Each structure stands twice: as structure tokens, then as C-alpha cells.
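Breakdown of the fold
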Protein chains: 2
Amino acid sequence: MKFCASCGAAVTRKVPAGDTHERFVCTTCATVHYQNPKMVIGCVPEWEDRILLCRRAIEPRLGLWTLPAGFMELNETTADAAAREALEGANADIEIGELYTLYSLPHIDQVYMFYRGRLRNLEFSPGEESLEVQLFREEEIPWKELAFAVVAETLQHYFSDRRRGLFQLHHGEITRPRNR
Amino acid sequence: MKFCASCGAAVTRKVPAGDTHERFVCTTCATVHYQNPKMVIGCVPEWEDRILLCRRAIEPRLGLWTLPAGFMELNETTADAAAREALEGANADIEIGELYTLYSLPHIDQVYMFYRGRLRNLEFSPGEESLEVQLFREEEIPWKELAFAVVAETLQHYFSDRRRGLFQLHHGEITRPRNR
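What you are looking at is a predicted structure, and each value in this text was computed from that prediction instead of being measured.

As a further point, take the overall build of chain A. Helices and strands together make up the secondary structure of chain A, namely 2 helices and 11 strands. In terms of principal-axis extent, the alpha carbons of chain A reach across some 60 × 30 × 30 Å. Counting over 180 residues, chain A shows a buried share of 48%. Long-range pairs, those at least 24 residues apart, make up 61% of the contacts in chain A between residues at least 6 apart in sequence. As displayed, chain A has an accessible area near 8700 Å², and 46% of this comes from carbon and sulfur atoms. Between the centroid of the 21 positive side chains of chain A and the centroid of its 26 negative side chains there is a distance of 6 Å.

Structure (C-alpha cells):
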């Protein structure tokens, strides 16, 4: 950030009065420009014993497989975001269930959430950001070709919880990418 | 937003190529300025059968009582944020436990999360944003003077779960303030 979004003048870094953190502050109109982490929200779409994955058509990790997920937009709930991302990424109609995993990634200022979800039908197809979308049984998951550590961890928890017959919220922190 | 934070030129509203949503886009350097919901994170600080609340010294809801909470900062985890907010609001040293409530407030583009937490000692005192901080038993909670609907709902769930001896994640949506 170099310029004030309110008045167009230059910004500087300083700790505003009464604040605890350094911020971008406008040198002319004194507007404080806060920066905050972003939420990336998705789901684990189930159909019988299979899970829907999308192969990424965009960077980063083009060509690798992911659960449908993306940045939460304004004017929606976290569950809305999970359903929307499955629709955009895979044209998939999902009934969103419980919150299933929550990961903080402080090194990139993101918080990931994955919900459990159930496909309402099999009429899915690649969205603009996917090369292909496909259902996988546990033994078919392309573990070596998953796009993100949060996706690998979420799927590991999922299959482990499914075997023991008890799904619960998993909560963690990923401080740097482990997948590649 | 009126000006580009990268180059200082005017921005306009449009749907970038390949995007699904209208964004602020710079008329000169074409930078897309995404806007996303923010996380507000706090905890329910326990000491034996009592809960720590803070009376707000700042707007909005100056003079009303709240659980310690605030906007998540860059370079921290959600649990870090919960502990930091208790320290800033109440000089309270908290051991953060499980995620307890998660609320989407799409009308103001916020997502609230409250963790369970345990006070490590009784050396708390008002922080800069609090007029006073105090421990309350269930029957002492100032229900009519709580600052936010998310705080009231979180405390209602807390005492209800405590009575039945089982705490679980509560997940909801609040579409407009109910408290006043």
C-alpha cells in the first residue's frame, strides 16, 4: 500500500494514538488503513464413499488437486461461501453440513475453514478455475498431487474419522507449506 | 474506496475478466482491490464458576458489557488473537481452549469466533478500551447491558452447555443486531 484509498495522498507507517500495532496512515486525511487476515472457505463434498476433488486450472499449484475452496466474499455467511465455492469450482450442488476443519496460516495471513458437505446430485463439471472434477474413493486420492497442506490434512482427518465412525472439529496451525 | 492504493489513480467498479463479482479496479494500473469479511475473535474467560466481562470504554456500545474480543491482526493465529484480545482488553492471562462459537454477520461483513478460555490468575484490570472488568456468576450476568448479540448468544450457550455438562461448537448467523 502506497496511497490512501480515501483521498489518494501518500500513506506512511505508524502506530495511531491508542493503538497497539503499526498501520498504514494517510499523511493528508489521517485515515487509518487496517489490514486483516482473510478467510478461505471450502467443503469436503461427499457422495456415498467418495469425495469430490477439483484439478486446478489456475496458479498457484496449477494442475494439482484440491477440495473446492476460495476467498469468502462480502455479504455472505461462511456456509454460503462453502456452497458458492463448490458451485463455482465444480458446478456442484452441495448441502453444507458441520464445520469440520479450521486452520490458521499466519505466514500468509489466511484462515482456512472446511465444512462437511453432501452432493445433492452427480451433475458436476469443471468450473472456470478447474481443469477437471472427479470423485475419489480413499484409496484413489492423489495424495502426492494435492495442492495444499490444508487439503491433505483435512482429507487425512476425514478418512480417519470416518473409519472410527466419529467426526469432530479439527483445529490447527500450518506455519509453512508442507506439500512441496 | 476512491483511489488505488498502489498508484494513487481513481478506481472504478467492474467485474474483472474471469471473475464473478464486481470489484474496485484501478483505472490506470488495473490493480484489482478485493474486499473481504473480517474476523472478530475473543474468548469466554472462566474462573471457577465465574466469567470475565469487560465494560466498553469505546464506541460502539460504550458503557455496555462484552466478552474480550477484537479484530484479528496479521501474523497471528485465531487462538493467538483470542489470547491477545483478553490481554489488551482486560490485562488477563488466558489459557485458550476449544473453539466454542462461530457466527457470520453478513450485513456487516464480519465473522465472530469465541474460544473457551481459563484465567491463569486473578491479576486482571481494565485495558485501554475497557472502563472496568469483572467476574460474574450466571445469575449476575448483566443480560440487559450486553454490547452485542453474539456475546449474549455465546453466554446463553455457555451456561446451557455447562448445566448439561457438555460443551460443543455452536454455529450460527446473525443478520441484524437483536440487542437494541
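Now that the structure is up, let's keep going.
To continue, consider helix H1 (residues 78-90) of chain B. One turn of the α-helix equals 3.6 residues, which is why residues spaced by three or four share an orientation. Residue and element names in this part refer to chain B. A rise of 1.5 Å per residue sets the reference length of H1, with its 13 residues, at 18 Å; its end C-alpha atoms lie 18 Å apart and thus fit the reference within 8%. Of all the positions in H1, only Thr-78, Ala-81, Ala-82, Arg-84, Glu-85, Ala-86, Gly-89 and Ala-90 are classed as buried. Of the residues flanking the end of H1, it is Asn-91, one or two places downstream, whose phi is positive at about 45°.

What follows concerns the nonpolar core. Counting residues in hydrophobic clusters, the biggest one holds 40 residues, and the most contacted among them are Met-39, Ile-41 and Met-113 of chain A together with Met-39, Ile-41 and Met-113 of chain B. The contacts of Ile-41 of chain B, once residues within four sequence positions are left out, are Pro-68, Ala-69, Gly-70, Met-72, Thr-78, Ala-81, Ala-82, Glu-85, Met-113 and Tyr-115 of chain B.

A few words now on the relation of the copies chain B and chain A. In the superposition of chain B on chain A (RMSD 0.0 Å, axial shift 0.0 Å), the rotation amounts to 180°. The symmetry that links the two subunits is that of a two-fold axis. Take the interface residues of chain B: 100% of them recur as interface residues in chain A, which is what a same-surface contact looks like.

Residue-level contacts link 40 residues of chain B with 40 residues of chain A. Approximately 3400 Å² of surface area, both sides summed, lies buried where chain B meets chain A, with 58% of it carried by carbon and sulfur atoms. The interface formed by chain B and chain A includes 2 salt bridges. The salt bridge partner of Glu-73 of chain A is Arg-23 of chain B, with a shortest N-O separation of 2.6 Å. Summed over the shared surface of chain B and chain A, the number is 18 residue pairs in polar contact (both at pLDDT 80 or more). Mapped by element, the contributors of at least two residues to the side of chain B that touches chain A are strand E4 (38-47), H1, strand E8 (94-105), strand E9 (110-119) and strand E11 (170-173) of chain B.

Take the environment of Gly-8 of chain B next. Mapped onto the elements of the fold, Gly-8 of chain B is located in the segment before strand E1 (11-14). Spatially, the C-alpha atoms of Gly-8 of chain B and Val-40 of chain B are 30 Å apart, while their sequence positions differ by 32 residues. In this structure Gly-8 of chain B touches Phe-3 and Gly-8 of chain A together with Phe-3 of chain B, once residues within four positions along its chain are discounted.

With that settled, consider the side chain of Glu-76 of chain B. With respect to the helices and strands, Glu-76 of chain B occurs in the loop between strand E7 (69-71) and H1. Given the relative accessible area of 9%, Glu-76 of chain B is considered buried. Reaching out from Glu-76 of chain B, the side chain makes a polar contact with the side chain of Arg-84 of chain B at a distance of 2.8 Å. Contact partners of Glu-76 of chain B, with chain neighbours within four places excluded, come to Pro-106 of chain A together with Ala-81 and Arg-84 of chain B.

Reading the values: the criteria
Residues numbered from 1 in each chain as written. Chains lettered and ligands numbered in written order. Predicted model: local features only at pLDDT ≥ 70, side-chain atom pairs only at ≥ 80, totals over all residues. Heavy atoms only, no water. Helix = DSSP H or I, 4+ residues; strand = E, 2+ residues; numbered from the N terminus. Buried < 20%, exposed > 50% of the residue type's maximum accessible area, 1.4 Å probe, protein only. Contact = heavy atoms within 4.5 Å. Areas by Shrake-Rupley, 256 points an atom, 1.4 Å probe, with all protein chains shown as cover. Lys, Arg positive; Asp, Glu negative; His and termini not counted. Charge placed at Lys NZ, Arg CZ, Asp CG, Glu CD. Expected span 1.5 Å × (residues − 1). Core = buried A, V, L, I, M, F, W, Y, C linked by side-chain atoms within 4.5 Å. Least-squares fit on C-alpha atoms with pLDDT ≥ 70 in both. Buried area = accessible area lost by both parts, 1.4 Å probe. Salt bridge = Lys/Arg side-chain N within 4 Å of Asp/Glu carboxyl O. Polar contact = N/O pair within 3.5 Å; in protein donor to acceptor, adjacent residues only side chain to side chain.

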